[in-house]
Amino acid sequence: MAKRRGTTLDLDAFRALDKERRVYITANEQRKAQRNKASDEIARLKKEKQNADSIIAEMKQLSELIKQADEKVTEFDARQREVLLTMPNIPHSSVPTGTSAADNVEVRRWGAPFKYDFQPKPHWEIGEKTGILDLGAATKITGARFALYKGWGARLERALANFFLDVHTREHGYTEILPPFLVNTASLTGAGQLPKFAADLFKIQDTDFWLTPTSEVELHNLYRDETIPEDKLPIRVTAWTACFRSEAGAAGKDTRGILRQHQFQKVELFKFTHPRKVTKSTKR
């Protein structure tokens, strides 16, 4: 399955790491059992007014060995977790194997592309000519690959977000969420953004905070480390947030206008549901 996804897994190295980790754990458990036994012996000797100094000195050395081994096991756990986090999910049998978009399989088509009887202008020319988009001002304020919407452009952006939030909360049973736009490392890891997409994220210096790349992260983590009773499913949530991405992998791609921006706004739909009860609306 990893080969189908173009990933190479060094399973021999992982097995060796796991074996060494288990050796340390087993040896340390034996040391801890020895320490517990010695503690009982020390208590007995003291109760009988006998000298226990030699055993106490020996246990100090043993305790230091236990401490060092525990630190080593913690290091092994961290290394093992790093490897596990890089292992991809198993693709569904229906997913085609390929190396580029050319290998994608068209499932269905709805409608037909509009045909122009003239050469259409690019969106950045239309936006700037009509006064709803000012990329120059955005560059001056912040830098490249940011957008500034003006007048009807700003109103349109706000109206679209309101439209989608209203439709899905009023007609489709979604609960609206307004989450923080800053997320921590645990949330990004739980949502699968870290460590794979670290280069595409913005990190706040000297903190554990990152700018959210998508509100999917916040919505995903609403129930992190919790078990949801099946009778509570499905749970439908939606959120509007600004999203921040460095787009580190966008070099050489079309980034002109408002494509592949470092900041954009989006309404996200998210559903917690039973894996065997996925419906078409879940996939929307």
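Peer 1: Could you give an account of the overall build of the chain, with specific residues and numbers?
Peer 2: Within the chain one finds eight helices and six strands. Secondary structure elements of the chain occur, N-terminal to C-terminal, as α-α-α-α-α-β-β-α-β-β-α-β-β-α. Out of the 284 residues belonging to the chain, those deemed buried represent 25%. If you take every contact in the chain between residues at least 6 apart in sequence, the share linking residues at least 24 apart comes to 68%. When the accessible surface of the chain is split by element, carbon and sulfur atoms take 54% of a total near 20500 Å². For the chain, the centre of its 47 positive side-chain charges and the centre of its 38 negative side-chain charges are spaced 4 Å apart.

Peer 1: Can you tell me about helix α5 (residues 152-171), naming the residues and giving the values?
Peer 2: Working note: α-helix, 3.6 residues per turn, so residues spaced by three or four point in the same direction. When the terminal C-alpha atoms of α5 are compared, their 27 Å separation across 20 residues agrees well with the 28 Å that a helix rising 1.5 Å per residue should span. Those residues of α5 lying buried are G153, A161, L165, V167 and H168. Across the axial projection of α5, the buried residues extend over an arc of 165°, all falling on one side. Opposite the buried face of α5, by more than 90 degrees, sit the exposed residues W152, R158, R170 and E171. Those residues of α5 that are buried are in contact with β1 (175-177), β5 (235-244) and β6 (263-272). Following α5 by one or two positions, G173 adopts a phi angle in the positive range, close to 75°.

Peer 1: How would you sum up the sheet that holds strand β4 (residues 209-211)? Please name residues and give values.
Peer 2: What the three strands build is an open sheet, ordered β2-β4-β3; its pairing is antiparallel. One side of each edge strand has no neighbouring strand; the edge strands of this open sheet are β2 (182-184) and β3 (202-203). The pairing of β2 with β4 spans three bridges and is antiparallel. Residue pairing for β4: N184 is matched across the bridge by F209.

Peer 1: Residue-level account of the sheet that holds β5, with values.
Peer 2: Across the sheet, which stays open at both edges, the three strands sit in the order β1-β5-β6 with mixed pairing between neighbours. The open sheet is flanked by β1 and β6, the only strands paired with a single partner. Each strand of the sheet is rotated relative to its neighbour by a mean of 20°, with strand direction disregarded. In the sheet, β5 pairs with β6 via 10 bridges, with the strands oriented antiparallel.

Peer 1: Requested: an account of the packing of aromatic side chains, with residues and values cited.
Peer 2: What characterises a pair of aromatic rings is the spacing of the ring centres plus the angle enclosed by the ring planes. Using the criterion set out here, one finds seven aromatic pairs in the structure. Relative to F118, the ring of Y116 has its centre 5.4 Å away and its plane inclined at 70°; by these criteria the two rings are edge-to-face. Taking the ring centre of F76 as reference, the NZ or CZ of K72 above it sits at 5.6 Å. The ring of W152 carries R155 above its face, with NZ or CZ at 4.3 Å from the centroid.

Peer 1: Let's hear about the pattern of salt bridges: which residues, and what values?
Peer 2: Under the defined criterion, the tally for this structure stands at 14 salt bridges. Between R224 and D225 there is a salt bridge; the shortest N-O distance is 3.6 Å. R224 sits in the partly exposed class, given a relative accessible area of 32%. Residue D225 is classed as exposed on the basis of its relative accessible area of 75%. Through salt bridges with shared partners, one network takes in D18, R21, R22 and D77.

Peer 1: Could you give an account of the packing of helix α1 (residues 11-47) against helix α2 (residues 53-86), naming the residues involved and the relevant values?
Peer 2: For the pair α1 and α2, interaxial distance at closest approach is 9 Å and the crossing angle is 155°. As summarised for this structure, α1 and α2 are arranged roughly antiparallel, according to the angle between their axes. Crossing of α1 over α2 shows left-handed handedness. Residues belonging to the contact of α1 with α2 are distributed by class as follows: 18 nonpolar, four polar and 13 charged.

Peer 1: Can you tell me about α2, naming the residues and giving the values?
Peer 2: For α2, spanning 34 residues, the distance from its first C-alpha to its last is 50 Å, which sits close to the expected 50 Å at 1.5 Å a residue. Residues I55, M59, L62, I66, A69, V73, F76 and Q80 constitute the buried set of α2. Contacts made by the buried residues of α2 are with α1.

Peer 1: Before we move on, could you go through the nonpolar core and cite the residues and values that matter?
Peer 2: One finds A38, I42, L45, A52, I55, M59, L62 and I66 forming the largest nonpolar core, which totals eight residues. Of all the secondary structure elements, the ones that give two or more residues to this core are α1 and α2. It is α2 that provides the largest number of residues to this core, a total of four residues. With sequence-adjacent residues up to four places away left out, A38 is seen in contact with I55 and M59.

Rules and cut-offs
Once a new chain begins, its residue numbering starts again from 1 and follows that chain's sequence as written. Only residues with pLDDT of 70 or above have their local features reported here, since the model is predicted, and side-chain atom pairs are shown and tallied only from 80 upward, although totals for entire chains, interfaces and linings are computed over all residues. Working from all heavy atoms in the structure, the side-chain values ignore hydrogens and water. Put simply, DSSP H or I for four residues or longer makes a helix, DSSP E for two residues or longer makes a strand, and each gets a number counted from the N terminus. Only protein chains enter the accessibility calculation, which uses a 1.4 Å probe. A residue is then buried if its area is under 20% of the maximum for its type, exposed if over 50%, and partly exposed in between. Two residues qualify as a contact provided that any one of their heavy atoms is within 4.5 Å of a heavy atom in the partner residue. Values of accessible area rely on a 1.4 Å probe in the Shrake-Rupley scheme; residue burial ignores everything except the protein chains shown. Asp and Glu are treated as the negative residues and Lys and Arg as the positive ones, with His and the ends of the chain left uncounted. Where a charge lies is defined by one atom per residue type: Lys uses NZ, Arg uses CZ, Asp uses CG and Glu uses CD. Take the residue count of a helix, subtract one, and multiply by 1.5 Å to get its expected span. Our arc is simply the arc of the directions from the helix axis toward the C-beta atoms. Strands pair, by our definition, only if DSSP identifies at least two bridges between them. Axes here refer to lines fitted to C-alpha atoms; in helices the fit is confined to the stretch in contact. Angles between the N-to-C directions go from 0 to 180 degrees. Only Phe, Tyr and Trp rings take part, Trp by its six-membered ring, and two of them pair if their centres are within 6.5 Å. Stacked means planes under 30 degrees apart, edge-to-face means over 60, and tilted covers everything else. Working rule: Lys NZ or Arg CZ, within 6 Å of ring centre, within 35 degrees of ring normal, means a charge sits over the ring. Here, a salt bridge means any Lys or Arg side-chain nitrogen found within 4 Å of an Asp or Glu carboxyl oxygen. Angle categories are assigned with fixed cut-offs, so that under 35 degrees is roughly parallel, over 145 is roughly antiparallel, 65 to 115 is roughly perpendicular, and the rest are oblique. Crossing chirality is assigned from the near helix's rotation relative to the far helix, an anticlockwise turn below a right angle marking it left-handed and a clockwise turn marking it right-handed. Polar here means any residue outside two lists: the nonpolar Ala, Val, Leu, Ile, Met, Phe, Trp, Tyr, Cys and Pro, and the charged Asp, Glu, Lys and Arg; Gly therefore counts as polar. Only buried residues count toward a nonpolar core, which is a set of Ala, Val, Leu, Ile, Met, Phe, Trp, Tyr and Cys residues joined through side-chain atoms within 4.5 Å.

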